[in-house]
Amino acid sequence: MHFTQFNAHGHLRHLLTLEGLPAPLLTQLLDRAEDFLRPGGSLPARSTALAGITVGNLFTEPSTRTRASFELAGKRLGADVINLEIQLSSRVKGETMLDTIYTLQAMGVDLFVIRDAEAGVHEYVAGHVEDHVSILSAGEAHLSHPTQGLLDALAIRRHCGGFAGKTVTIVGDLRHSRVARSAYHALTTLGIGELRLCGPAQLLPPAGEFHRARRCTTLEEGLAGADAVMMLRIQRERMAEAEMPEVADYHAQWGLTPARLGLAKRDCVVLHPGPMNRGVEIDSTVADGPQSVIQRQVTYGVAVRMAVLEHIANGRLAHG
Ligand code: NCD
């Protein structure tokens, strides 16, 4: 049977990918995330929407930002949250992961947030848990990172004033980037004007992917007139030694410097999912400069994850 992220009542149960989700649902989640934003310096938004629910964060790849973000999102909604960083041998990944999930499920964990470097583990697990249990992806291989896609969309909506007619350029290692794939799904669904992909040929995605985006061969071409530029780091852990570009060459050709940013629109905003490699894909003056929304993205990440957790919990509570 074809895997579906929706339950029998048509409500979102799992969130493994943004691909195929309807625009109104994405908009609803972004709108709800906005409700959770507070002015800087004030106390964060809180509710009891997840009271009684237990969230298990299961990360088999290192993460600081996304794990902390999901943890805070769960806690601020009143959930019990446990964090597990586990190392699994990849040969039996699916089954071993499932054993861990069954154990936690037996302890009453009902919402699992999973990050794993292997494609398909999330779907495999989602196909085996009890009916009331949900799986949320916090990153799957190079394929998908749905809450990152939502937070990037929220940043663009807020700082570019919407999606229609706007040009967003993603620069760097697109081939190995789940962030780029989820941004592509979110932004094309939400009606972005133009999405450009830009990076060295060996780091661009295979030809069959990102068919609604325009590929640019130079950073200058990619940046001209852009409303937002998203810089990506080189995913060294997902490539062979021979594929890796030389750092100095990379910065010379693809690094975002203040001068290059000047080619984009005057008020072009700069995004980066983190972790950043300052002096490689982005200069510190740009990362910390007035056009950077990189820290805001982190704030939006918690709000978006609260919106997603609440939405999924509501779907369960509405139908028992
Ligand atoms: C990204 C990830 O882990 O996919 N980071 C993140 O979620 N904050 C991007 C990356 O690792 O480069």
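Presented here is an overview of the structure given in this document. (Residues numbered from 1 in each chain as written. Predicted model: local features only at pLDDT ≥ 70, side-chain atom pairs only at ≥ 80, totals over all residues. Heavy atoms only, no water.)

Regarding its fold elements, the protein presents 11 helices and nine strands. Judged by the C-alpha coordinates and their principal axes, the protein covers about 55 × 45 × 35 Å. Looking at the protein alone, contacts between residues at least 24 apart form 74% of all its contacts between residues at least 6 apart. Accessible area for the protein stands at about 13,400 Å²; split by element, carbon and sulfur atoms hold 52% of it. (Helix = DSSP H or I, 4+ residues; strand = E, 2+ residues; numbered from the N terminus. Contact = heavy atoms within 4.5 Å. Areas by Shrake-Rupley, 256 points an atom, 1.4 Å probe, with all protein chains shown as cover.)

We now examine helix α6 (residues 178-189). With 12 residues, α6 should cover 16 Å at 1.5 Å per step; its first-to-last C-alpha distance of 17 Å lies within 8% of that length. Buried residues dominate α6, accounting for 11 of its 12 residues. Those residues of α6 that fall on the buried side of the exposure criterion are Arg178, Val179, Ala180, Arg181, Ser182, Ala183, Tyr184, His185, Ala186, Leu187 and Thr188. The N-cap residue of α6 is Ser177: its side-chain oxygen and the backbone nitrogen of Val179 are 3.2 Å apart. Where α6 terminates, the next one or two residues include Gly191, which has phi positive at roughly 85°. (Expected span 1.5 Å × (residues − 1). Buried < 20%, exposed > 50% of the residue type's maximum accessible area, 1.4 Å probe, protein only. Polar contact = N/O pair within 3.5 Å; in protein donor to acceptor, adjacent residues only side chain to side chain.)

Before going further, it helps to spend a moment on the packing of aromatic side chains. Applying the stated rule across the entire model yields one aromatic pair. Their ring planes at 55° and their centres at 4.9 Å tell us that Tyr184 and Phe210 sit as a pair that is tilted. Of the two residues, Tyr184 is situated in helix α6 and Phe210 in the loop between β6 (194-198) and β7 (214-216); the sequence distance between them amounts to 26 residues. Like Phe210, Tyr184 is buried. Directly above the aromatic system of Phe70 lies the positively charged group of Arg305, at a separation of 4.9 Å from the ring centroid. (Phe/Tyr/Trp six-rings, centres within 6.5 Å; stacked < 30°, edge-to-face > 60°. Lys NZ or Arg CZ within 6 Å of the ring centre and 35° of its normal.)

It is worth spelling out the sheet that holds strand β2 (residues 80-85) at this point. Spatially, four strands are ordered β2-β1-β3-β4 in an open sheet, and the strand pairing comes out parallel. Only two strands of the sheet have a single partner each, and these edge strands are β2 and β4 (134-140). Along the sheet, successive strands turn relative to each other by an average axial angle of 15°, direction set aside. (Pairing = 2+ DSSP bridges. Axes fitted to C-alpha atoms, helices over the stretch in contact; angles between N-to-C directions.)

What follows concerns the side chain of Thr167. Residue placement: Thr167 occurs in strand β5 (residues 167-171). Given a relative accessible area of 11%, Thr167 falls into the buried group. If we skip the residues at most four places from it in the chain, Thr167 touches Glu194, Arg196, Gly225, Ala226, Asp227 and Ala228.

Quick look at the pattern of salt bridges now. Going through the model one piece at a time under the given rule, you end up with 19 salt bridges. With a closest N to O distance of 3.1 Å, Arg238 and Glu61 form a salt bridge. Highlighted residues: Arg238 in the loop between β8 (228-231) and α8 (247-254) and Glu61 in the loop between β1 (54-59) and α2 (65-76), separated in sequence by 177 residues. Each member of the pair, Arg238 as well as Glu61, is classed as buried. Across the salt bridge formed by Asp288 and Arg278, the nearest N and O atoms sit 2.8 Å from each other. In this pair, Asp288 sits in the loop between α10 (284-287) and α11 (294-319) while Arg278 sits in the loop between β9 (269-271) and α10, placing the two residues 10 residues apart along the sequence. A cluster of three or more residues bridged by salt bridges with shared partners is formed by Asp31, Glu34, Arg157 and Arg158. (Salt bridge = Lys/Arg side-chain N within 4 Å of Asp/Glu carboxyl O.)

What follows deals with the site of the ligand. The environment of the ligand is made up of Arg65, Thr66, Arg115, His145, Gln148, Arg178, Val179, Arg233, Gln235, Pro273, Gly274 and Pro275. Here His145 contributes a side-chain N or O atom positioned 2.7 Å from an oxygen atom of the ligand. In the environment of the ligand, an oxygen atom lies 2.6 Å from a nitrogen or oxygen atom belonging to the side chain of Arg233. Within the complex, 93% of the 310 Å² of free accessible area of the ligand lies under protein. Of all the secondary-structure elements, those providing two or more residues to the shell around the ligand are α2 and α6. (Near = heavy atom within 4 Å.)

Let us look at the packing of helix α5 (residues 146-160) against α6. Working note: a packed helix pair is described by the angle between its axes plus the distance between those axes. Running from N to C, α5 and α6 cross one another at 55°; their axes reach a closest spacing of 8 Å. Viewed along their axes, α5 and α6 adopt a mutual orientation that is oblique. Between α5 and α6 lies a crossing whose hand is right-handed. Where α5 approaches α6, its residues Pro146, Gln148, Gly149, Asp152, Ala153 and Ile156 are matched on the opposing element by Val179, Ser182, Ala183, Ala186 and Leu187. (Parallel < 35°, antiparallel > 145°, perpendicular 65-115°, else oblique. Left-handed = near helix turned anticlockwise from the far one by under 90°.)

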